[in-house]
Amino acid sequence: MIFIFSLMFWVVVDSHKIQNQIYDRFPEDFFFGVGTSAYQIEGAWNLSGKGESIWDRATHTTPYITDRSTGDVACDSYHNYREDIRIVKQLKVHCYRFSISWTRIFPNGTVNNVNQDGIDYYNNLIDGLRAVGVEPMITLFHWDTPQVLQELGGWASETMIVWYLEYVERVFELFGDRVQVWTTFNEPANFCQFGYTQVSAPFLNSSGIGSYLCAHNIIRAHAGAYDLYQKKFKSRQKGIIGISLDSFWNEPADPNSEEDKKAAQFSLEFYFGWFAWPIFKTGDYPDAVKLQIARRSREQGFPRSRLPVFTRQEQMKIRRSFDYLGLNHYATFLTKPDNQTASMFPTRQNDRNLIESVDPSWKPTSRSGFTVRPESLRKLLLWIGQYLGSHVKIAITESGYNGADTETLDDPERIDYLNGYVQAVLDAMNQGANVKAFTWWSLMDNFEWGDGYTKKFGFYHVDFNDPRRRRTAKKSAKVYQNIIVTRKVDPTFNPSYFKH
Ligand code: NOJ
């Protein structure tokens, strides 16, 4: 009850910081959470009526997953959801961010065929969380497109918008009486870029055309879902709805070079602005991005830009289709212009025309190119405040440390990362950033997409050799709990482990 009340406070009252107020700890209406996604944890890929998703298909048929693993069983959360609720409660988080597997409730993707077992699963999870005072925060799409719909074109086809809207309407009807925070899409830039450069499902090779169609349709589907919620559900259910966008932070390779400064800015616009500018500002893509893709397309002999165009009517619907911005942030790059000529085969890489690198002195994580730079999150939050306006409420929906598969329950690197990044959020708020929530990635080790089980993001270790998939808290879990309870970072806090 307490959490529901404070969430409504966040939604209804703009408790934006009083000017010059300095926080020594996170304010009472600030939410802490922890996240997962369906394909990465649920398992039971073909049990109890679930249909096939593009990740099921990809892991069963492509050679792209490092350890050739699948999410067939993963953390087996389908059977272990009570244990998930127990550990979420142990952390004392205010909200749990998870996603719905579309094909668990609609096995063929279309809403005529309903799988009651899937609905029961999510009802149990939602009710179980609420019973222990944890707010469910639901992502409607975290990359697991129904395979049947992929075969009809997937997100490159605009018919996907209709199927998606029918799906989300049913989800609002089914669960919306108990869910206050919705996210339409998780990291669509990542999904549309890497799904069309053979890094992620659907493992297509069409970043210069397919990626743009994918993004275009997802933006329209997002705006449609926002509109649908406002018209049909908001007055009764009173929830909020946003989108989770991922952004790196780009520094100029040479801080004194005007060209490099422009390149860093362009990189942010090209990736983050691709979705953020239409939704949070104008209803249309950033001018710099439109110009660059149009120019490249001309050079390549296309009769028009490969970047699709929104109608006026669509623009009106897209602009300001948000209650909050979900932000996922992991890495920092040094950026400078490249001098590629137009490639025959169009790619986003060639459109972007930039060179990115990392400073070798930056502290690495186990994923190459991903370094530990808490000040980047602070800078990114301040930059977003200027780019989109400080009225935009930000919920950090992901940040987290990827450990190697050799890490132990004693995880000082994750603790350092956690302390640094949470402190960076508070520092940003003290400089005017409008941040309302921080959701850590991830609750527990899970299937990390192309990296399979070789990368560990969890506060809880999962024993993937144990049929019961036993979860055990790492030291960092206790540190996060302490941050939540005290609402501040204490770098000297050196806890013992949770007792089981
Ligand atoms: C991005 C994605 O949303 C999530 O699914 C993934 O596991 C983490 N970041 C870590 O890479």
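Please refer to the structure higher up on the page.
Let us look at the structure shown here.

Structural notes on unusual backbone geometry
So, point 1. Pro-202 follows Ala-201 through a cis peptide bond whose omega is 10 degrees.
So, point 2. Inspection of the secondary structure assignment puts Pro-202 in the loop between helix H9 (188-194) and helix H10 (210-237).
So, point 3. For the peptide bond that leads from Trp-441 to Ser-442, omega is 15 degrees, which places it in the cis range.
So, point 4. With respect to the helices and strands, the residue Ser-442 is situated in the loop between strand S14 (435-441) and strand S15 (455-456).
So, point 5. Phi is positive for Ser-48, close to 50 degrees, though the residue is something other than glycine.
So, point 6. Assignment of secondary structure puts Ser-48 in the loop between helix H2 (38-41) and helix H3 (54-61).
So, point 7. Its identity is not glycine, yet Arg-469 carries a phi of approximately 55 degrees, on the positive side.
So, point 8. In this fold, Arg-469 is placed in the loop between strand S16 (460-462) and strand S17 (471-473).

A look at the site of the ligand
So, point 1. For the ligand, the full set of nearby residues is Gln-40, His-142, Trp-143, Asn-186, Glu-187, Tyr-330, Arg-367, Glu-398, Trp-441, Glu-448, Trp-449 and Phe-457.
So, point 2. Within the side chain of Arg-367, one N or O atom sits 3.4 Å away from an oxygen atom of the ligand.
So, point 3. Between the ligand and the protein, one listed contact pairs an oxygen atom with a side-chain N or O atom of Glu-398 at 2.6 Å.
So, point 4. Starting from 290 Å² of accessible surface for the ligand in isolation, the protein chains cover 96%.

Some details on the pairing of strand S3 (residues 135-139)
So, point 1. Among the five residues of S3, five are classified as buried, and the element is accordingly described as predominantly covered.
So, point 2. Both faces of S3 are covered, namely the face carrying Glu-135, Met-137 and Thr-139 and the face carrying Pro-136 and Ile-138.
So, point 3. Bridge count for strand S2 (residues 95-99) against S3 is five bridges, and the pairing is parallel. Considered in S3, the bridge of Ser-99 is made with Thr-139.
So, point 4. As defined by bridge partners, S3 adjoins strand S4 (residues 181-186) across three bridges and the pair is classed as parallel. Note on S4: the bridge partner recorded for Ile-138 is Trp-182.

Some points on the packing of aromatic side chains
So, point 1. Inspection of every chain in the model, using the stated rule, returns 53 aromatic pairs.
So, point 2. Taking 5.8 Å as the distance between ring centres and 25 degrees as the angle between the ring planes, the aromatic pair formed by Phe-248 and Tyr-271 counts as stacked. Placement of the pair is Phe-248 in the loop between strand S5 (240-246) and strand S6 (249-252) and Tyr-271 in helix H11 (residues 258-282), with a sequence separation of 23 residues.
So, point 3. For Phe-248, a relative accessible area of 23% translates into the label partly exposed.
So, point 4. Following the ring pairs from residue to residue traces out a cluster consisting of Phe-26, Phe-30, Phe-32, Tyr-401, Tyr-417, Tyr-421, Phe-438, Trp-440, Phe-459 and Tyr-480.
So, point 5. When the ring centre of Phe-302 is taken as origin, the NZ or CZ atom of Arg-306, which lies over that ring, is 5.5 Å away.
So, point 6. Arg-348 extends its terminal NZ or CZ atom over the ring of Trp-274, reaching a point 3.7 Å from the ring centre.

Remarks on the side chain of Asp-246
So, point 1. Tracing the sequence through the fold places Asp-246 in strand S5.
So, point 2. At 2.6 Å, the side chain of Asp-246 forms a polar contact with the side chain of Tyr-271.
So, point 3. Here Asp-246 is in contact with Glu-187, Ala-189, Asn-190, Tyr-271, Phe-272 and Asn-328, once residues within four sequence places are set aside.

Describing the pairing of strand S8 (residues 332-337)
So, point 1. In terms of strand pairing, S6 meets S8 through four bridges, oriented parallel. Paired with Pro-252 across the strands is Thr-335, a residue of S8.
So, point 2. Across four bridges, S8 lies against strand S9 (residues 354-357) in antiparallel orientation. The residue of S9 that forms the bridge with Lys-336 is Ile-355.

Structural notes on the packing of H10 against H11
So, point 1. Across the interface, H10 lies against H11 with an axial gap of 10 Å and an inter-helix angle of 30 degrees. Relative to H11, the element H10 is oriented roughly parallel. In this structure, H10 crosses over H11, and the sense of that crossing is right-handed. Contacts from Ser-211, Tyr-212, Ala-215, Ile-218, Ile-219 and His-222 of H10 reach H11 at Phe-270, Trp-274, Phe-275, Pro-278 and Ile-279.
So, point 2. When grouped by side-chain class, the residues that make up the contact of H10 with H11 number nine nonpolar, two polar and no charged.

Thoughts on the nonpolar core
So, point 1. With 145 residues, the main nonpolar core has Trp-155 and Tyr-164 as its most contacted residues.
So, point 2. Counting eight residues, the second largest nonpolar core, distinct from the first, contains Phe-31, Val-181, Ile-240 and Ala-395.

Digging into the sheet that holds S6
So, point 1. Ordered in space as S6-S8-S9, the three strands form an open sheet in which the pairing is mixed. With one partner strand each, in any of the chains shown, S6 and S9 form the two edges of the open sheet. Between one strand and the next, the sheet's axes are offset by a mean angle of 40 degrees, whatever the strand orientation.
So, point 2. Across the face of the sheet, helix H15 (residues 374-388) comes into contact with S6 and S8 while running at roughly 95 degrees to S6.

Quick notes on the pattern of salt bridges
So, point 1. All chains considered together, the criterion is met by 36 salt bridges.
So, point 2. A salt bridge links Glu-52 to Arg-57; the shortest N-O distance between them is 2.7 Å.
So, point 3. Ionic contacts of the salt-bridge type, sharing partners, join the residues Glu-407, Asp-411, Arg-414, Asp-445 and Lys-474 into one network.

Cut-offs and rules
Residues numbered from 1 in each chain as written. Predicted model: local features only at pLDDT ≥ 70, side-chain atom pairs only at ≥ 80, totals over all residues. Heavy atoms only, no water. Helix = DSSP H or I, 4+ residues; strand = E, 2+ residues; numbered from the N terminus. Near = heavy atom within 4 Å. Polar contact = N/O pair within 3.5 Å; in protein donor to acceptor, adjacent residues only side chain to side chain. Areas by Shrake-Rupley, 256 points an atom, 1.4 Å probe, with all protein chains shown as cover. Buried < 20%, exposed > 50% of the residue type's maximum accessible area, 1.4 Å probe, protein only. Pairing = 2+ DSSP bridges. Phe/Tyr/Trp six-rings, centres within 6.5 Å; stacked < 30°, edge-to-face > 60°. Lys NZ or Arg CZ within 6 Å of the ring centre and 35° of its normal. Contact = heavy atoms within 4.5 Å. Axes fitted to C-alpha atoms, helices over the stretch in contact; angles between N-to-C directions. Parallel < 35°, antiparallel > 145°, perpendicular 65-115°, else oblique. Left-handed = near helix turned anticlockwise from the far one by under 90°. Nonpolar A, V, L, I, M, F, W, Y, C, P; charged D, E, K, R; others polar. Core = buried A, V, L, I, M, F, W, Y, C linked by side-chain atoms within 4.5 Å. Salt bridge = Lys/Arg side-chain N within 4 Å of Asp/Glu carboxyl O.

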